[in-house]
Amino acid sequence: MSMQLRIVHTSEYEYDGQAVASYNQARMTPQTTPEQIVVHHRLDVSPKPWTYGYTDYFGCPVTAFEVVDPHEAMTVSATSTVHVARSGAPVATTGWEAYGEREIADRWCEFLVLSDLVAPPEDFLARVRSLAEDAALPGEAAQAVCSLVHDEIEFLPGATDVESPAAEAWSKRAGVCQDLVHLAIGGLRALGIPARYVSGYVHPVAEPAVGETVLGDSRSWVEWWDDGWRAFDPSYGAAPDDRYVVIGQGRDYGDVPPLRGIYSGASTAKLTVGVEITRLA
């Protein structure tokens with residue numbers, strides 16, 4: 001099975017006065033990988049900016065842009081058509097002993113760091129270690145950790161913000177997708193399993209109808225190393241299928257925000273974000 005999806009991601013800024021300069025990075029361009037092919041992509045910014053495209057350290061396409069004329073609003077809209085054909089649920093193959101070897105521990109050392117954002121609280125870590133003791137293979141432990149996060153954390157928008165650490169979501173037993181991913185990443189890294197944050201989109205309908213446009217979701221999920229990167233969405237409690245489109249990967253959310261920038265002039269700005277997804281085929 002495969003799908004062709006069109007995604008329209010629009011971010012609108014309204015300032016309380018005039019912004020006289022705005023410098024930004026947009027990570028809104030899907031990647032082309034063995035499991036997805038970008039058929040078409042366009043990024044539109046109003047007012048008209050100067051732009052420069054590059055690929056960042058972690059392989060994510062980035063469009064840097066700046067608007068230096070005075071403006072009271074700015075709109076960034078990314079339109080993408082992507083063909084997706086995923087390989088299915090991850091299968092565990094690598095033994096525990098391999099994760100102490102240089103080929104894994106050194107190669108993926110950046111995805112083993114327990115930063116404040118992903119550091120697991122002690123009571124969560126105790127349960128993670130218990131799951132690992134019962135798992136014959138690290139890949140099995142990884143899926144069990146993600147299932148634990150899915151079962152214990154209620155998906156509750158507004159319970160946290162983009163700067164909240166994983167430990168806060170665990171203490172509240174509530175958070176959004178990035179909190180669940182950060183918590184799962186912290187648990188996996190504490191076991192010595194390299195894990196990374198994935199940013200993208202998902203069609204919210206299990207069996208999307210061709211030609212029907214729906215409100216989509218910006219989504220994040222986790223990947224761990226097991227003789228290749230294996231993906232799992234702790235928010236849904238399942239491996240990503242053909243409804244998922246990858247934008248980029250990083251150590252945590254801070255490496256792959258859709259938009260990041262600075263501006264001068266107006267003191268505050270209101271941000272409105274919308275994602276529309278259509279199954280084309």
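For the structure, see preceding data.
The notes below deal with the structure included here. (Residues numbered from 1 in each chain as written. Predicted model: local features only at pLDDT ≥ 70, side-chain atom pairs only at ≥ 80, totals over all residues. Heavy atoms only, no water.)

**Some details on helix 5 (residues 177–190)**
Residue pairs three or four apart in sequence face the same way in an α-helix, which turns once every 3.6 residues. Where we set the bar: Each helix is a run of DSSP H or I of at least 4 residues and each strand a run of E of at least 2, with the numbering of both proceeding from the N terminus. The span one expects for a helix is its residue count, reduced by one, times 1.5 Å. Note on exposure labels: buried denotes an accessible area under 20% of the residue type's maximum, exposed denotes more than 50%, and partly exposed covers the range between, all computed with a 1.4 Å probe on protein chains only.
The end-to-end C-alpha distance of helix 5, which contains 14 residues, comes to 20 Å, matching closely the 20 Å that a straight helix rising 1.5 Å per residue would cover. Counting buried positions over the 14 residues of helix 5 gives 13, a clear majority of the element. Phi turns positive one or two residues past the end of helix 5, at G192, with a value near 85 degrees.

**Some remarks on helix 2 (residues 122–133)**
To keep it simple, the criterion reads: Picture the helix axis, draw a direction to every C-beta atom, and the arc is the one those directions span. We call two residues in contact whenever any of their non-hydrogen atoms come within 4.5 Å of each other.
In this model, helix 2 (12 residues) spans 16 Å end to end at C-alpha, consistent with the 16 Å of a helix rising 1.5 Å per residue. Listing the buried residues of helix 2 in full gives F124, L125, V128 and A132. Projection of helix 2 onto a plane perpendicular to its axis shows the buried side chains occupying an angular sector of 95 degrees, all on one side. Exposed residues lying more than 90 degrees from the buried face of helix 2 are E122 and E133. Tucked inside the fold, the buried residues of helix 2 contact helix 3 (138–152), helix 4 (166–172) and helix 5.

**Some words on the nonpolar core**
Note the following rule: The term nonpolar core refers to a set of buried residues drawn from Ala, Val, Leu, Ile, Met, Phe, Trp, Tyr and Cys, joined through side-chain atoms within 4.5 Å.
Formed by 36 residues in total, the largest nonpolar core has its most connected members in F124, L188 and V222. Contributions of two or more residues to this core are made by helix 2, helix 3, helix 4, helix 5, strand 9 (195–202), strand 11 (217–225) and strand 12 (229–232). Every residue in contact with F124, bar those within four places of it in the chain, is listed here: V145, L148, V149, W170, L183 and G187. If you look at the next biggest cluster of nonpolar residues, it comprises 24 residues, including C60, V76, A78 and Y201.

**Looking at the pattern of salt bridges**
To be explicit about the condition: Salt-bridge detection follows one rule: a side-chain nitrogen of Lys or Arg within 4 Å of a carboxyl oxygen of Asp or Glu.
Inspection of the entire model under this criterion finds 12 salt bridges. In this structure, R42 and D44 form a salt bridge, with 2.7 Å as the shortest nitrogen-oxygen distance. Owing to a relative accessible area of 39%, R42 belongs among the partly exposed residues under this scheme. D44 sits in the partly exposed class, given a relative accessible area of 34%. R127 is the salt-bridge partner of E152, the closest N and O atoms lying 3.1 Å from each other. Separated by 25 residues along the polypeptide, E152 in helix 3 and R127 in helix 2 bring together distant segments of the chain.

**With respect to the sheet that holds strand 12**
Think of a sheet as strands paired side by side through backbone hydrogen bonds, with each pair either parallel or antiparallel. So the rule is basically this: By the convention used here, strands pair only if DSSP detects at least 2 bridges between them. Lines fitted to C-alpha atoms define the axes, with helix axes restricted to the stretch in contact, and inter-axis angles between N-to-C directions lie between 0 and 180 degrees.
The strand order across the open sheet formed by four strands is 12-11-9-13, and the pairing between neighbours is antiparallel. The open sheet terminates on both sides in strands that have one partner only, identified here as strand 12 and strand 13 (244–250). The mean angle between the axes of side-by-side strands here comes to 35 degrees, regardless of whether they run parallel or antiparallel. Examined bridge by bridge, strand 9 and strand 13 share six bridges and lie antiparallel to one another. Along strand 13, the bridge assignment pairs Y201 with V245. The strands that helix 3 touches are strand 11 and strand 12; relative to strand 11, the one it contacts most, it runs at about 150 degrees.

**Quick look at the packing of helix 2 against helix 3**
Heads up, the condition is: Here is the rule for angles: anything less than 35 degrees is roughly parallel, anything more than 145 is roughly antiparallel, 65 through 115 is roughly perpendicular, and the remaining ranges are oblique. Should the near helix be turned counterclockwise from the far one by less than a right angle, the crossing is left-handed, whereas a clockwise turn marks it as right-handed. Gly is put with the polar residues, along with every residue not named as nonpolar or charged; the nonpolar set is Ala, Val, Leu, Ile, Met, Phe, Trp, Tyr, Cys and Pro, and the charged set is Asp, Glu, Lys and Arg.
Two elements in contact, helix 2 and helix 3, have axes separated by 9 Å at closest approach and are oriented at 140 degrees. Between helix 2 and helix 3, the angle is such that the two are oblique. At the point where helix 2 passes helix 3, the crossing takes the right-handed sense. Contacts between helix 2 and helix 3 pair F124, R127, V128, L131 and A132 from the former with A141, A144, V145, L148, V149 and E152 from the latter. Per-class residue counts for the contact of helix 2 with helix 3 are nine nonpolar, no polar and two charged.

Note that all results are geometric; they support no functional claim without further evidence.
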